[in-house]
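Okay, here's what each chain looks like letter by letter:
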Amino acid sequence: MGNSKSSALSKELLEELKSNTKYSEAELCTWYQSFLKECPSGKISKEQFEGIYASFFPDADPTAYARHVFRSFDTNADGTLDFKEYIVALHLTSGGKTLQKLEWAFALYDVDGNGTISKNEIEEIVRSIFNMIPVDDQKNLPEDENTPEKRAEKIWEFFGKKDNDKISEGEFIQGVMDNKDILRLIQYDEPQKIKDKLKEKKQ
């Protein structure tokens, strides 16, 4: 192994991540060091990723959602996240420009990766989001979106689709940009304590 995994980021990767994310060179270098400490191989497995999510949601079950998030960021489909994929994931889930975030959200909902979203796929992701909401909090949700089925139905109706229709990426992004309410329905807003924990983890 020796020098094959350098403890310094390559210039090319550093420049690419600096231009594609909001992070500074100093932040990226610090994160790379802690990334290598936690993942000496330079890769995060799906199980490790699920473990990170599990530690953030002690009162709920984030496994399914974590699996979908992992899939959407494993851009080369090799079953692991490297540092670049990990940083892009962090950037998009915590900040990111709206268009980038929506492209990621589309990839998250496009479960089978065929370039369109079906009603079943919407239901699958919404159900995984519900698993992360503590039962007590679910009781406080509005009547017309207090189950995964109702929320998926609400999203589907907004796009004006029949049950077996599909949503393209362009339609999805335009629709969400035109209606902030849909943005609220399709995403899981991490509570502040999770964002704080993420920051802590990276210090």
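Only a predicted model underlies this, so the values are computations on that prediction, with no experimental measurement involved.

What counts, and at which threshold
- Residues numbered from 1 in each chain as written.
- Predicted model: local features only at pLDDT ≥ 70, side-chain atom pairs only at ≥ 80, totals over all residues.
- Heavy atoms only, no water.
- Helix = DSSP H or I, 4+ residues; strand = E, 2+ residues; numbered from the N terminus.
- Contact = heavy atoms within 4.5 Å.
- Buried < 20%, exposed > 50% of the residue type's maximum accessible area, 1.4 Å probe, protein only.
- Arc of directions from axis to C-beta.
- Phe/Tyr/Trp six-rings, centres within 6.5 Å; stacked < 30°, edge-to-face > 60°.
- UniProt positions renumbered as here; feature names shortened; annotations may be inferred.
- Lys, Arg positive; Asp, Glu negative; His and termini not counted.
- Salt bridge = Lys/Arg side-chain N within 4 Å of Asp/Glu carboxyl O.
- Polar contact = N/O pair within 3.5 Å; in protein donor to acceptor, adjacent residues only side chain to side chain.
- Core = buried A, V, L, I, M, F, W, Y, C linked by side-chain atoms within 4.5 Å.

Asker: Would you mind going over the overall build of the protein with me for this structure?
Answerer: The secondary structure content of the protein amounts to twelve helices and four strands. When contacts within the protein are restricted to residue pairs at least 6 apart in sequence, those whose partners lie at least 24 apart make up 61%.

Asker: Before we go on, may I ask you to explain helix H1 (residues 11-20) in this structure?
Answerer: For an α-helix the count is 3.6 residues per turn, leaving residues at separations of three or four pointing the same way. All of the buried residues along H1 are Leu13, Leu14 and Leu17. Summarising the axial view, the buried residues of H1 lie within an arc of 100°, below the 170-degree limit, and thus occupy one face. Exposed and facing more than 90 degrees away from the buried side of H1 are Lys11, Glu12 and Ser19. If you follow the buried residues of H1, they end up packed against helix H2 (25-38) and helix H5 (83-94).

Asker: Teacher, can you tell me more about unusual backbone geometry here?
Answerer: Glycine aside, a negative phi is what most residues show, and trans is what most peptide bonds show. Even without being glycine, Ala77 reaches a positive phi, approximately 50°. By secondary structure assignment, the location of Ala77 is in the loop between helix H4 (63-73) and strand E2 (80-82). Classification of Ala77 as exposed rests on a relative accessible area of 65%.

Asker: How should the packing of aromatic side chains be read in this particular structure?
Answerer: Here a ring pair, both rings aromatic, is described through the centre-centre distance and the interplanar angle of the planes. Under the defined criterion, the tally for this structure stands at twelve aromatic pairs. Their ring planes at 45° and their centres at 5.4 Å tell us that Phe49 and Tyr53 sit as a pair that is tilted. Taken as a pair, Phe49 and Tyr53 lie in helix H3 (residues 46-56) at a separation of four residues, close to a single helical turn. Across the pair, Tyr53 and Phe49 agree in class, each one buried. The interplanar angle of 65° and the centroid separation of 5.7 Å between the aromatic rings of Phe106 and Phe172 together place this pair among those described as edge-to-face. Of this pair, Phe106 sits in helix H6 (residues 98-109) while Phe172 sits in helix H10 (residues 169-178), and the two are 66 residues apart along the sequence. Here Phe106 and Phe172 have matching classes, each one buried. Among the aromatic residues, those joined into a ring-pair cluster are Phe106, Tyr109, Phe158, Phe159 and Phe172.

Asker: Please explain the UniProt feature "domain: EF-hand" (unreviewed entry) in the protein as it appears in this structure.
Answerer: Per the UniProt entry, the sites bearing "domain: EF-hand" (unreviewed entry) are residues 61-96 and 97-132 in this numbering. With 67% helix and 8% strand, the stretch residues 97-132 has end C-alpha atoms that lie 25 Å from each other.

Asker: I'm lost on the side chain of Asp110 in this one. Help?
Answerer: With respect to the secondary-structure elements, Asp110 resides in the loop between H6 and strand E3 (116-118). Comment: no salt bridge for buried Asp110; closest opposite-charge side chain is Arg71, at 6.6 Å. There is a polar contact of 3.2 Å between the side chain of Asp110 and the backbone nitrogen of Asn114. When sequence neighbours within four positions are dropped, the list of residues in contact with Asp110 reads Arg71, Gly115, Thr116, Ile117 and Glu121.

Asker: What is the right way to read the environment of Ala66 from this model?
Answerer: Residue placement: Ala66 occurs in helix H4. Judged by relative accessible area, Ala66 falls into the buried class, the value being 0%. Taking the C-alpha atoms as reference, Ala66 lies 8.5 Å from Lys46; in sequence the two are 20 residues apart. The residues contacting Ala66, other than those within four sequence positions of it, are Phe49, Glu50 and Tyr53.

Asker: What exactly am I supposed to notice about the nonpolar core here?
Answerer: Within soluble globular proteins, side chains that are nonpolar tend to cluster in buried spots. With 53 residues, the main nonpolar core has Phe83, Tyr109 and Phe172 as its most contacted residues. Beyond its immediate chain neighbours, meaning those up to four positions away, Phe172 contacts Leu102, Ala105, Phe106, Tyr109, Ile117, Phe159, Ile167 and Ile186.

Asker: Could you clarify how one ought to interpret the pattern of salt bridges in this entry?
Answerer: A side chain of one charge can pair with a side chain of the opposite charge when the charged atoms of the two come close. In the structure shown here, the tally under the stated rule is 17 salt bridges. Note that Glu15 and Lys18 form a salt bridge whose closest N and O atoms lie 3.6 Å from each other. Here Glu15 pairs with Lys18, and both are found in helix H1, just three residues apart, close to one helical turn. Looking at Glu15, the relative accessible area reads 39%, which means it is partly exposed. Under the relative-accessibility criterion, Lys18 is labelled partly exposed at 29%. Across the pair Arg67 and Glu50 runs a salt bridge, and its minimum N-O distance is 3.3 Å. One end of the pair, Arg67, is in helix H4; the other, Glu50, is in helix H3, and 17 residues separate them in sequence. Using a relative accessible area of 41% as the deciding quantity, one classes Arg67 as partly exposed. Classification of Glu50 as buried rests on a relative accessible area of 16%.

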